[in-house]
Structure formats: C-alpha cells, structure tokens
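Residue-level listing of the chains:
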Protein chains: 2
Amino acid sequence: MDFFFNPEGIAVVGATPNTLKGGYAILKNLLTGYKGNIYPVNPRYSEIEGLPCYPSISSIKGHVDLAIVFVPAKLVPAAIEECAAKGVKGVMIESGGFAETGQDGSSLQQSLKDISKKTGVRLWGPNCMGLVDAVSGYAFSFMNPLALQHGLLPGGVSLVVQSGLLSAGFLIDIMTHHITGISKVCSIGNKMDVNECDLLTYLLKDTNTKVIGFYLESFSDGRLFIDLCRQSKKPIVVLHGGKSKKGAEAAMSHTASLAGNHRVISGALAQAGVTEARDFHQMIDLCRSMASASRPVGRPGRIAILTFSGGSGIVSADFIEEQGLSVAELSPATKDALVRLFPDWMPVSNPVDLWPSIEKHGGGNIDVYSMALSAVLADPNVDAVFLHTYAGNFRIGLNIADLAEQTRTAGKPAFIWLLGRREEIFNFMTEALSYDIPVFRELSRAVECLAAVFHQRNPPSVVERLQVKEEGIPLPGELNDVLATVSGPLDEHTSKRILKVHGIPTVEEEIIADANQCKNTVSRIGFPVVMKGLQQGKVHKTELGLVHLGINDAGAARRSFETLMEKMNGQGKIIVYRQVEGKIELILGLLRDLQFGPCVMLGLGGIMAEILSEAVFAPAPLTEQDALELISRLRGQRIFDGFRGEPPVNRKELARMIFALGDIGLKYPRIQEIDINPMIISENGIVAVDATIVLG
Amino acid sequence: MDFFFNPEGIAVVGATPNTLKGGYAILKNLLTGYKGNIYPVNPRYSEIEGLPCYPSISSIKGHVDLAIVFVPAKLVPAAIEECAAKGVKGVMIESGGFAETGQDGSSLQQSLKDISKKTGVRLWGPNCMGLVDAVSGYAFSFMNPLALQHGLLPGGVSLVVQSGLLSAGFLIDIMTHHITGISKVCSIGNKMDVNECDLLTYLLKDTNTKVIGFYLESFSDGRLFIDLCRQSKKPIVVLHGGKSKKGAEAAMSHTASLAGNHRVISGALAQAGVTEARDFHQMIDLCRSMASASRPVGRPGRIAILTFSGGSGIVSADFIEEQGLSVAELSPATKDALVRLFPDWMPVSNPVDLWPSIEKHGGGNIDVYSMALSAVLADPNVDAVFLHTYAGNFRIGLNIADLAEQTRTAGKPAFIWLLGRREEIFNFMTEALSYDIPVFRELSRAVECLAAVFHQRNPPSVVERLQVKEEGIPLPGELNDVLATVSGPLDEHTSKRILKVHGIPTVEEEIIADANQCKNTVSRIGFPVVMKGLQQGKVHKTELGLVHLGINDAGAARRSFETLMEKMNGQGKIIVYRQVEGKIELILGLLRDLQFGPCVMLGLGGIMAEILSEAVFAPAPLTEQDALELISRLRGQRIFDGFRGEPPVNRKELARMIFALGDIGLKYPRIQEIDINPMIISENGIVAVDATIVLG
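Residues numbered from 1 in each chain as written. Chains lettered and ligands numbered in written order. Predicted model: local features only at pLDDT ≥ 70, side-chain atom pairs only at ≥ 80, totals over all residues. Heavy atoms only, no water.

**Description of the relation of the copies chain B and chain A**
Then, in step 1: Between chain B and chain A, which share one sequence, the superposing operator has a rotation angle of 180° and an axial displacement of 0.0 Å; the RMSD is 0.2 Å. Taken together, the rotation and translation relating the two chain copies correspond to the operation of a two-fold axis. When each C-alpha of chain B is compared by its distance to the rotation axis, A609 of chain B comes out closest, at 2.5 Å.
Then, in step 2: A symmetric contact is evident, with 99% of the interface residues of chain B recurring at the interface of chain A. (Least-squares fit on C-alpha atoms with pLDDT ≥ 70 in both. Contact = heavy atoms within 4.5 Å.)

**Comments concerning the packing of helix α16 (residues 422–434) of chain A against helix α16 (residues 422–434) of chain B**
Then, in step 1: Packing of α16 of chain A against α16 of chain B leaves a shortest axis separation of 13 Å and a crossing angle of 155°. Judged on the interaxial angle alone, α16 of chain B and α16 of chain A are roughly antiparallel. When you trace α16 of chain A past α16 of chain B, the crossing you get is right-handed. Within the contact between the two elements, α16 of chain A uses R422, E423 and F426 of chain A and α16 of chain B uses R422, E423 and F426 of chain B.
Then, in step 2: Residue classes in the contact of α16 of chain A with α16 of chain B are distributed as two nonpolar, no polar and four charged. (Axes fitted to C-alpha atoms, helices over the stretch in contact; angles between N-to-C directions. Helix = DSSP H or I, 4+ residues; strand = E, 2+ residues; numbered from the N terminus. Parallel < 35°, antiparallel > 145°, perpendicular 65-115°, else oblique. Left-handed = near helix turned anticlockwise from the far one by under 90°. Nonpolar A, V, L, I, M, F, W, Y, C, P; charged D, E, K, R; others polar.)

**Description of the interface of chain B and chain A**
Then, in step 1: Contacts between the two partners involve 89 residues from chain B and, on the opposite side, 89 residues from chain A.
Then, in step 2: Approximately 7,700 Å² of surface area, both sides summed, lies buried where chain B meets chain A, with 61% of it carried by carbon and sulfur atoms.
Then, in step 3: Where chain B packs against chain A, one counts eight salt bridges.
Then, in step 4: A salt bridge links R635 of chain B to E614 of chain A; the nearest nitrogen and oxygen atoms lie 2.8 Å apart.
Then, in step 5: The interface formed by chain B and chain A includes 24 residue pairs in polar contact (both at pLDDT 80 or more).
Then, in step 6: Per element, the largest residue contribution to the side of chain B that touches chain A is nine residues, and it comes from helix α11 (residues 310–322) of chain B.
Then, in step 7: Partitioned by chemical class, the residues of the side of chain B that touches chain A number 35 nonpolar, 28 polar and 26 charged. (Buried area = accessible area lost by both parts, 1.4 Å probe. Salt bridge = Lys/Arg side-chain N within 4 Å of Asp/Glu carboxyl O. Polar contact = N/O pair within 3.5 Å; in protein donor to acceptor, adjacent residues only side chain to side chain.)

**Focus: the sheet that holds strand β22 (residues 509–512) of chain A**
Residues and elements named next belong to chain A.
Then, in step 1: Across the sheet, which stays open at both edges, the four strands sit in the order β22-β25-β23-β24 with antiparallel pairing between neighbours. Both outer strands of the open sheet, β22 and β24 (547–551), are each paired with one neighbouring strand and no more. Strand-to-strand, the axes of this sheet are offset by a mean angle of 20°, without reference to chain direction.
Then, in step 2: Strands in contact with helix α19 (residues 492–501) are β22, β23 (529–534) and β25 (573–578); relative to β25, the strand with the most contacts, it is inclined by about 55°. (Pairing = 2+ DSSP bridges.)

**Section: the environment of F219 of chain B**
Residue and element names in this part refer to chain B.
Then, in step 1: Tracing the backbone shows F219 in the loop between β12 (211–216) and α7 (222–231).
Then, in step 2: Overall, F219 belongs to the buried group, its relative accessible area being 6%.
Then, in step 3: Taking the C-alpha atoms as reference, F219 lies 21 Å from L286; in sequence the two are 67 residues apart. (Buried < 20%, exposed > 50% of the residue type's maximum accessible area, 1.4 Å probe, protein only.)

Dropping the structure here:
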C-alpha cells in the first residue's frame, strides 16, 4: 500500500490547463508538495504548467507507481487497463459516475473490479477526493488549490473517510481554525477495492499517525475491521453515518453500500475498544484529545478543576460526574499549598476558583495559575487537570509553555477550556497547538474528550476463548436433520433441546401425549406447572392462548390439556414443566448481521423492561472478558449485584451462556436468529424458559 | 424595577481614578454609554474623569435613581442607609465579601436585607457584575472597559445569570465571535433581594427582549418562577448548575444557596414549558435560535436538508430522527423542480445533495441553492430547512439576503450549518446575524436547536384544575388525629385508607384479628390472597418475611396467619386482600421539595424497570394537561398504549390519580413523602397495592 502514500512517479490522467477543472487542481496540488516526477496525461495538450504532457500512459518513459484518474466514468476502464499494462501499482480514481449513480454505474464499477482482479493493480475510489498528507505536504486530490495556500498543518491525527467533504471543506475548516494538525486524510469513496481495512492496516504501522478517525457509512468487512481494531495499540475513533432509518436510506443512495443496524455496530465497536463519535467536529475533538494525551496508567480519572469562575467550575463538576469521571478530593498538602494563594476568607475546595487569588495578587508578581497547577499536579489524588482560562483583556495570563512543561513532567494531561476575544482566542489556540495541549470552546466537549482518554481501553488481542462444557453429548440425529432441512422458526421444544446440548440450561420439560400421561407427569414434576401448546410456525403462543401458567393441581392440568388440545385441533405438541420463579428476567438472543456475522444480544426482560428496549450486542466469538464487558455495558447491569434483596447473579455463568450462544451462531450458518425470552434467574441458577430458533 | 434599567441619575459609590480598580471601570463604562447624570462618590477625590466627585451620597444635589456600590463589604451597609436617605430607588452592590465568604459575610448580608426591608430601597447583588444592556449601550458593571471598545452587539436575547463569568468574559466571547446579539445581561450574584423572579417579571414586559436565558444555581422561589414561566409568551431557557453531588457542593460554597434535586427541577421546568440547557454556549445557541425563529403554527417539524455533501446529509438525517423531528417526504412538485437542477443520473431524495447540480451548472448563471430553496420552501410537506454551506474558496456561493427574503416570505425557518475558512466564516456569520439567520458550526447543535424551536410549547396559563371525586367522605376522625400527631412512616393499611378517601383506588383489604376470622375472610374474598404483617415503623416488609403472596386455600391462609403472628410476636396488624394480577406496575410518589414544594413522581415499577430508575417529576398542583404531559414524558410511556397484547391504560384515569396525589401534598403540609409501590394496572383498572405515607 505504500505506493499510494509515497509513490515513485505519479501520472495524472485527465490533466488539463483549465483552472476551473479538477484535472488542473490535481496537477497544481501535486506541484505544491510532491517532490517526485509528475506526468500529466491528456492527448489534447503537449505541456501543462510547464510539464510535458503525454498523450497516453503507455507513452510515459519514466517509472510510475501511482496514477490519479480524473476522466469521465466511461473512459476509466480503458485507462486502468493501460495503467496495469504500464506496471502502475495503484490507481486513485477520483471521478464519479459509478455505483453511486445507479445500475449502469454499478456495472461500470464491477468492470473496474474485474480489471483489478485480473491485473493485480490496486484501485482507490472511485468517487473520492484521494489523499492528503499534511506531514509530507502531499495532496493527491482535486480539492481547490487555494485551500493549500496557507500550507497544511501537520499533526498526529489520520482520517479515513467515506465522504469527500471531510477531506476537503471540513479539512480546510479545522486547519484554518487551528483546531488540530493532521497526518493523513484518506477519502475512500465507493471503496470498491482499497477499503477501510487496508488503510487501517497501513496506518497502524505509520509512524506519523498517533490516532485514526473513521467516518464510515458501511463496513466492507466488519469482522476484519473489528479484529484489526482489537489489535491496535493506537486509539481509534469511528463515526458511523446512517444510524436512523432515514439516514440509512440516504447512505444507500450516497455510496450504494449497505448500512448495518447501528446497535450492532455500536456493540462491535465497543467490544473492540473503539471510541464512537457522533458528529464531525466532535470526532476531530476526540481524535486530537487522544493524540495529545494518553491515560496515565492505572489512574481512574480524578480531575482537578482550576477555574476563574465559580459557575463554570460547578457546570464542569456536573459534566465530570455525568461522564463517569470524578472530581478529585485534594490531599492536605495540596490544600495547604492552595490556601497560601487564597484570600483569608476563602476555603479550599475542588473546583479550585482562582479568581479571588488573582484579585488578591493582581498587583504582585505571582503567577497564580502556575502555582496552583504545580500544587494539583503533585497531588497523588489528581489524575488530570481541567483548566479554564481567558484570552483577552483580563488579568488572567496563562503561560502555555510553563503549563506544557509542568504537565509533561507530571505525566498527567491538562485540558483547557478557553473563553475570550476572537483574535486572542486564535493566537492562544495556535500556541497551545504547538505544545500539543488540547483546547476546547465548550465545557461539555472538553469533559467528554477527557473522559474518552480515561475510558479508552485496549482489549486483549490474544483471544482467550471461554470453555463451554460440551457435555459429551453429540447433537442427536433428528436434530441434525432439523438443522439441515427445516426453514423458519423451530418450535420451543426443539429449540430448547438444541440449546441444551450446547450448554445453555433450559427448563426440564416433557411432552404429554394424552390425558392419563398428563396426570402422572404433572404429579411427578410438582406444582405449580406451566403447560404450552406448540404448533409448527406459530411463535406467538401467549397471544393465541396456548400458554397456561400457574397450574396448581392435577385437575387443572387435565383441564388445561384438554383446552390446549381443542385449540390446536389435535395438532401440535403439548409440553409441561415446573414453573420457574425468579424476579430477574433477561432476553438473550443471536442474530446474523450482514456486516458482522453472528452477534449475540443481551437485554433486560419482562414487559416493563422490554418497553425501554435496553439491549447490548457483540459479534461472536467472544472472549471471557468480552462477555463480561458485554454484561457490564447493559444499562441496569447493577441488577446482577443483588438488587433489592435478590441474590447476586453469577456473571461468569451468564458470560458462559452468552459465549455458548455465539458459538452456536458460528457453528450453524443456517441459524438466522435465536430468541431466549425469558431467561430467568432462579434459585437454581440461570435457565432458559422459552426459546425460538429461526432457520434461514 | 425600571429604575435599575433606565435610571435618572446614577451615583458610583467607590469611584476612583485608579484605572486598575473596579471603581474606575464602572465609571468608565457609564461614560461610554449612559446619557444621564453620573455622580462619582469618593471623599478622597474632587474630580474623576472630568466629573465632579462627591464626598458622600447625601452631598449630591441632583436626582439619583440608582447607586452602584463598589466599596469593601463592611462599608456597604452605611452606604445603603445613606442611599435610602437620599431617596435612591435601587442599589447595585457589586462588591463581594458577603454570604459567599462564610458566616460573617452572611450576617453582613442579612444586615443589608434588614435595611432594604426598613427603607424600601431595592438591592441588586451583592457579589455580582451588575447589568449590561447592549441595546441602550449601558454597562452598569466593573467589567474591563476594553471589552466594550468594539461596542456591544444588540439583539433579542436577554440573560439572567448567577455567575459573573457569563456577564463578562463569556459575553465578550459571544459578542466578538458574532454568535448572537444581546438585549440585557443581568448578573444577580447572591440575589439577596432582586432575584430571578423579579427580573423575569421585568423582562417579560421588555419590548427588546424576545427570549430569556437563565443560568441558575438555586431558585429563590421555585414555585413563583415556574408560575411566571407558565405565563410567559416568550421562550425561556434555563441552565441549572449543580446537578451532580459534587456540582451541588460547589454550588453551596459558591453562592451559599441551595441547589435542589435536579430531576425535580427538570420536571418543574418541563411542566412550565421551559427549554433546559446544559452548557453555556449551548444555552446561547438555544436562545438565539428561539429568538430568530418561531415554530410555524401547527407544523410537526418535517425538515428539508439542502447540502453539498452526502455525508453531512446522512449525519443530519440521523440527528433529525434522534431529536424527534422528521426528514420531510418531498412532494411531487418539489421533486419535479429539483430534478431540473440535477444531472440526469441523479434521483431526487431528501437530504437534497446539491453538489452534483453545482458541478453541472458550475459554468452557468444558475443559483442552485436559491432555486432548490424556493422549491423546498414551497412544499407543504416541509416545515423548515436545514441548509449546509461553505464559506471560502469553493463554488458554493449562498446569497444570504435571498435566503432571508425567501424564508421570511414562506414563514418557515432556515438553519445553516457552516464550514469554511476562518476569515470567511466570520464574515458570513456577521452577515447572517444582520439578517437574524442562525448559523451553526456543528450539525448536532444545529439540529438540537431546530428541535428546540419545534418542541417549544406554551403551557396554558389558565389552570384548568382536574376534578377529583371527593366521594363525600370526610377524613375519619382517627385519621385526622394520625395526620396531626404521628411522625415517621404510617403503616400500609393506614396509608391506603388516607389515599382512598382522597380518590386513589386501593386494594380492598381487611384486618384479621384471629384464626377463625381468617378462614371466613379469605373464603369470602376468594383466592389467591395476599397476607401481610404490619408493624409500626417497619416499611421493608418483604425483607422481614412479612409478605405472603399467592395463598391458594384456607389452610395455607391459616398457616400464613400463624407464621406472621409469630414473626411479629403478637404485635402489629395482619391484613389480607385478593391478589391483584396485572403485568404493568407503576410507582407513584410524592415528595416535598425545598424549592418547589410538593411534587409528584411517576415511574415504571417492578424490579426490572426500577433498576433503570426511570421516573418523572412535576410540582403540584397540576392541570389535566400537566398530568397527561407528565405521563408522556416517562420513557417507555408507550406501555400505556396496549403493549404486547395488554389492554391500553386509561391515561386520564392515571392523570386523575397523579393529580389527587399532588392535592394531598398541598392539603397536608405534614406529609413529607408518599410512596405507592406498586400501583398495578389490572383488569379492573389502576389500583394501589402497597403504599406508605411518611409524616414530618
């Protein structure tokens, strides 16, 4: 892939001297930064911008690693054939007019794919803005050359984006506002060949890249992407566009790609240790925060707030608690140091309001900020500092160089919230950027980013698989037949038998053939019992009146048996089991996602929790840690710790079942869906009370 | 109150020629904008800034409406006495050193209050930044005079803030960035006399004020504030600082005032039609949005997105759905109009991606934005436009004047998301501000503000009280005695009797005195029954084993009776009632909030929902609409519409119970708390199954 980033020789197919056209912009941008040989290709010109222009790729004498193609879509296949013949390694197709335009464009795009397969030439795009590398100064893009007139701002953040905007207008926006420096921005368009996985692989090894941000509307290979993220030691941020139904519709028409179910995507990203973003500037804020600061090892996120305003201290404390960080309890030594700065009447607390001290020392030579910063950075109870300051005409002069030196020495990050006059703000941000200190204009955003730094985790890349007892029982032959031949939903009894064999405990139930057997069976099982009528293809038993709960004696059981038989017209099965008592009900499920394959789902059960539709997802297979983290991601997971006098739930036992369910999904590709609802936490452990397996 | 805003004659007590001091800044700021007579007061000078300086207030010859006091705290009481003697109507005390500094300061503050009561002089502050009026150009504040050097930016947003920051550094920030124009900013500090209610009353009548934003750490009179908000025809935005425990602690030390329970505050604000903000800039964004746009009457919020980027269209659609707005389905006429702008291959959909059209017409004279805007504004299915544009070096030239004219004519708001180069962004924002068109830098913020405009509601100011059947049954004498004399929790039986008399249906239960009565009673009631042992002061009956559920025959009932008797050592009462069946369980409660008085609470019940602690609050009394809206604010309120085959719940019936509960709180001030848990939705309606009333 390096030939895309550091090519030896670049051909520009579709170069033109017409300054209004993209073919001119590509050439002009190359001339600004690229040091190698540049070969404009266009049969209509002999020279452009002082360079000799070639009638065709084959007529170029020198070595060409990369061709940037910007000609009408229908001319692209021939151009690529020619590139392949010339020995070009990679082609960036920046022209549009492919899959994003409908059926004809899709066919055209397929023909490019065929050429790539046949010849081995790698294709980037089509329908993209190419690549900008702010460190090397390369811009392989038809973005307006004026955008580069103030130069690129180099930094540690790389982006891979499925939207041209982010590599053009947005890039100019964040660079001209001095929000962050950038390493590489890769606009991948329809990503027919080179996709986010290829680029992630490359960027993980790129020494200039500290953090990688993605804007993706679809995943080319969700499973591979997640595996790569897991193995990454660099923080990764993903913004997924197309979460809503309408958003997903727009995604379809925009890049002709498939937008997955967002909750599944969210689960997969969380499992892989990826930080999820929700908006463009916010994604950049997360990226630059993680590029400039890393979590001090083993520190939970206790924040000291240094402010010049009581109100902003209070609102910051609100956000810190909301984001799962904590407002640090300052140590006695810190308080002693601060009290010496403070006026007599003022008690020391965190948030540390420095304004009265600034007023007190206004005439002197004491740098109140610097001294307070030293005190809190030295405090073992403080993991990071959130510093509020003002750029402009007040007596608040923060020495950025001193701040940078102090935080570097202490090994603790400092995030800045900055207010002020427009020009002074810009100057401050410029200086802070040179010291790699993150500055924010909103309190909530600053705290959100600080939390992302502290909550960032590296999942183990070595997959410690959970051991599930296989019980030594092979799947009985008739169940094998069912799994191989049936389509649609299996009945509850068959579904539970399959689950049980694979290590998921189910209620012990029996099938009742006639009224006599009914009496004997229920007496043996013990009351109260549940009786259900099962019919092929009917999953909503309760609504059909086929579920009888709380049967307390043999007479009632017999009456239930007869009623159920009658309702089913003598068809179907009747099952009976001892009613399971337990206040905690869960839903456990499996679904087969188009992008991520088999994914497990865990949710709170019962009608009252179901209405709130709290559920978390994770792609299989899971490690033990994955399964435990999946459980801990569930809102309301405190319920497992012994809520309201209930005994605590064995999380490892639950994790094993989640794992087993994922394994079933991996083992039987014909299983489309599994619904265990409810899974009840009873005195005797966790047990599947009702279940449906759906075959494809 | 008008003498604070448009005073005839102002004395500056503590004026000084020392340019580093606040007493100089106040004078300098007055000279910049105030047109009336200014009287510096300081015995040490005879002239300051060309004005004669007076040794005392009493020595001033002219009329003085307002005195701005900036002298050490201990000198303030004498100054106010003098002001009162002179006939000054209002005093702005900008000095600090009062309640915010501890016990001594509190006493000093109390002495000011006493003077105010005695003399009738109104006091603003202390510990505040005073008042800035950007329309009249008045700054009655010790903020740095340099801040005003570029002038104030007048507009329709007024602020009342309990933090000096927002009226100084923050104000300069938003004005120099041309984010919004401002009418009045009132910094109220310790608000010992003039408080948020006084200023809300004034600003509701102020013709320059279109929207009022508050930053409050406490409410001086929560109930009055809410009543005023209810009656307001102007949008009101409130940011409450001190939500978290830590935040609240900081609030205590910052303004020595009481921060209430945030969920109660949130409920009270929602009930009064107030929009809640969470951060400073976000509060301003909400205010300026509502100042520039109002909801087109009767329109639900169907948004047309005009963009130059597919990706930002997709992410916008995600936010629009998330915020409870919808992406408009364009009418055929609109599609016809748009398709004429589009290249042939491109289908028309919303989001409307204009980039291909801009490319198509790049060389021509067609203003694609303007034409697309006309088309969507004319569409009856479109309620507002979210327009994305770029300021800088692309071929995207939005004509702001045309946009303003078109949206004004159509009566539909247009919100702009703007990217671009720093200088061009500023110029664009400046022009857009002059046309009162809101511009945003983040997609999520723009959509959030658009949603706030569409979700803004005016609750009816005329309180249509719900009628609760009083049943003609007066509270029996012994219950009256209980309510008058007992402290702490009442037992379940007594609690339910009190609730029943006030119109809240409860289970029909009986007290069992002995084993014989037990048999007769349970046989009459019908099985299954519930038996409970009640002991004075013991509220956690389940944990004590005093609740027996599902008793199915007389023998079991007798055994339960004996077990309960034994457990209670023959003390206490045993109650029995027929077990209530129903899948939907609620919690209904009442608490007495220090700022808002009696407030009702509605939550989902059962252990599975309780763990998610979903609950909503509203202060009593409620109108029918309030109670129905309280119900609709509950997350998961869809459960009342017939979820999973359950019959729908009568919302009006539930509303009447909520109302009745609030009424009980208003009627009996000794009731501190009521907990109805569970309230079960059964076949026979909604019924309180367990309840506890706690007396103070």
